[in-house]
Amino acid sequence: MITVHTVEALRRAVSEARAGGARVGFVPTMGNLHSGHVALVTRAKTRADFIVASIFVNPLQFGPNEDLASYPRTLAADQDKLAAAGCDLLFAPNVDEMYPNGQAMQTRVSVPGVSEGLCGGSRPGHFDGVATVVTKLFNMVQPDVAVFGQKDFQQLAVIRTLVRDLNLPIEIIGEPTVRAEDGLALSSRNGYLDADQRARAPHLHRALKALGEAIEAGRTDHAELIEQALAELREAGLRPDYLEIRDALTLGPARADSTELVLVAAAFLGTTRLIDNLIVRPPSHA
Ligand code: PAF
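We now turn to the structure provided with this report. (Residues numbered from 1 in each chain as written. Predicted model: local features only at pLDDT ≥ 70, side-chain atom pairs only at ≥ 80, totals over all residues. Heavy atoms only, no water.)

## Quick notes on the site of the ligand
Thinking step 1. Near the ligand, the surroundings consist of Pro28, Thr29, Met30, Gln61, Val133, Val134, Phe148 and Gln155.
Thinking step 2. Between the ligand and Gln155, the relevant distance is 2.7 Å, taken from an oxygen atom to a side-chain nitrogen or oxygen of the residue.
Thinking step 3. For the shell around the ligand, the secondary-structure elements that each account for two or more residues are strand E2 (24-29) and helix H6 (126-141).
Thinking step 4. Classifying every residue of the shell around the ligand gives five nonpolar, three polar and no charged. (Near = heavy atom within 4 Å. Polar contact = N/O pair within 3.5 Å; in protein donor to acceptor, adjacent residues only side chain to side chain. Helix = DSSP H or I, 4+ residues; strand = E, 2+ residues; numbered from the N terminus. Nonpolar A, V, L, I, M, F, W, Y, C, P; charged D, E, K, R; others polar.)

## Section: the environment of Ile170
Thinking step 1. Within the secondary structure, Ile170 sits in the loop between helix H7 (153-165) and strand E6 (171-175).
Thinking step 2. In this structure the C-alpha to C-alpha distance between Ile170 and Leu137, which are 33 residues apart in sequence, comes to 12 Å.
Thinking step 3. Ignoring sequence-local partners within four residues, the contact set of Ile170 consists of Phe138, Pro143, Asp144, Val145, Ala146 and Val163. (Contact = heavy atoms within 4.5 Å.)

## Examining helix H9 (residues 203-216)
Thinking step 1. Spanning 14 residues, H9 covers 19 Å between terminal C-alpha atoms, matching the ideal 20 Å at 1.5 Å per step.
Thinking step 2. If you check which residues of H9 are buried, you get Leu204, His205, Ala207, Leu208, Leu211, Gly212, Ala214 and Ile215.
Thinking step 3. Elements in contact with the buried residues of H9: helix H10 (222-235), strand E7 (239-247), strand E8 (261-269) and strand E9 (272-280).
Thinking step 4. Where H9 ends, the next residue or the one after it, Gly218, has phi of about 110°, a positive value. (Expected span 1.5 Å × (residues − 1). Buried < 20%, exposed > 50% of the residue type's maximum accessible area, 1.4 Å probe, protein only.)

## With respect to unusual backbone geometry
Thinking step 1. For Leu118, which is not glycine, the phi dihedral falls at a positive 50°.
Thinking step 2. Within the secondary structure, Leu118 is located in helix H5 (residues 118-122).
Thinking step 3. On the basis of relative accessible area, Leu118 is assigned to the buried category, the value being 6%.

## Quick notes on the sheet that holds E9
Strand-to-strand pairing in sheets goes through backbone hydrogen bonds, with the strands running parallel or antiparallel.
Thinking step 1. The three strands are arranged E7-E8-E9 in an open sheet whose pairing can be described as antiparallel. Two strands lie at the open edges of the sheet, namely E7 and E9, each paired on one side alone. Along the sheet, successive strands turn relative to each other by an average axial angle of 10°, direction set aside.
Thinking step 2. In this structure, E8 lies alongside E9, joined through nine bridges in antiparallel fashion. When the sheet's bridge partners are listed, Val264 is paired in E9 with Asn277.
Thinking step 3. Against the sheet, H9 engages E7, E8 and E9, with an angle of about 20° to E9. (Pairing = 2+ DSSP bridges. Axes fitted to C-alpha atoms, helices over the stretch in contact; angles between N-to-C directions.)

## Considerations on the pattern of salt bridges
Once their charged atoms are close, side chains differing in charge can pair, the charge on each being opposite to the other.
Thinking step 1. For the structure on display, the rule yields 17 salt bridges.
Thinking step 2. The partner of Asp144 in a salt bridge is Arg18, and the shortest N-O contact between them spans 3.2 Å. In this pair, Asp144 sits in the loop between H6 and strand E5 (145-149) while Arg18 sits in helix H1 (residues 7-19), placing the two residues 126 residues apart along the sequence.
Thinking step 3. Of the residues examined, Arg18 reaches a relative accessible area of 34% and is grouped as partly exposed.
Thinking step 4. Here Arg164 makes a salt bridge to Asp165, at a shortest N to O gap of 2.9 Å.
Thinking step 5. Arg164 gets classed as exposed once you look at its relative accessible area, which sits at 57%.
Thinking step 6. The partly exposed category is assigned to Asp165, whose relative accessible area is 43%. (Salt bridge = Lys/Arg side-chain N within 4 Å of Asp/Glu carboxyl O.)

Read these as layout, nothing more, since geometry by itself doesn't imply function.
The following block contains the structure:
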């Protein structure tokens, strides 16, 4: 695997691969890679011949009081993991390479509707930052296919929408969440948790699972079920940010005729914010 730091070197390497007839797959990341990221590369390799990954901690998607400064930067370890996973090219630009005219003057991409509420409600501007950097990365790499984790369910919906609305010829694949044995969704932010918080963290998945089982058993009293799940989280020492039941296809409100629902939640343990989701089929559509 080779690592490049400039758009020019990236374009040269991708053009060479394309000239050899390769289909290009892309896995954008912010680094500090874990098995969830490796699964994205593995999936990309089933759909493309030449795999590009990017590592860029994108300042545009962090709020003023968020963890931009402390976000773990572990390039050497990440390079080893990507190479072992069979990635061909790593693009690791710095902030000036991505935003040469400064962040304030950067043209923004905004995706109305799906960006609103949930994480978009709690993190104003976050999805504009994600949509902007992903659009730029797509234009730099020009992949045939790109793979994103389903753990960031709303992010995936934002990206699918921008690809559709901007007519980008890129196939978007959502890869299922990789979990620790106790159910906790793998995330670079799990590294912030101390031992006690790490022991409590799987309650987020457990609460969603219990909620999902109730829905699959035919319960339709969503408001009451959500209250129960929130109480479970609080009892386990988590501070819920949101917990909602949405239509999995539109991310809009759950409807009586929704064929698939997504249970989406975010909760704090100390200052660490964890997110998770679960797809369920109501019994009428099972
Ligand atoms: O999911 C992430 O790691 C980031 O939001 C992404 C998609 C790489 C954009 O910075």
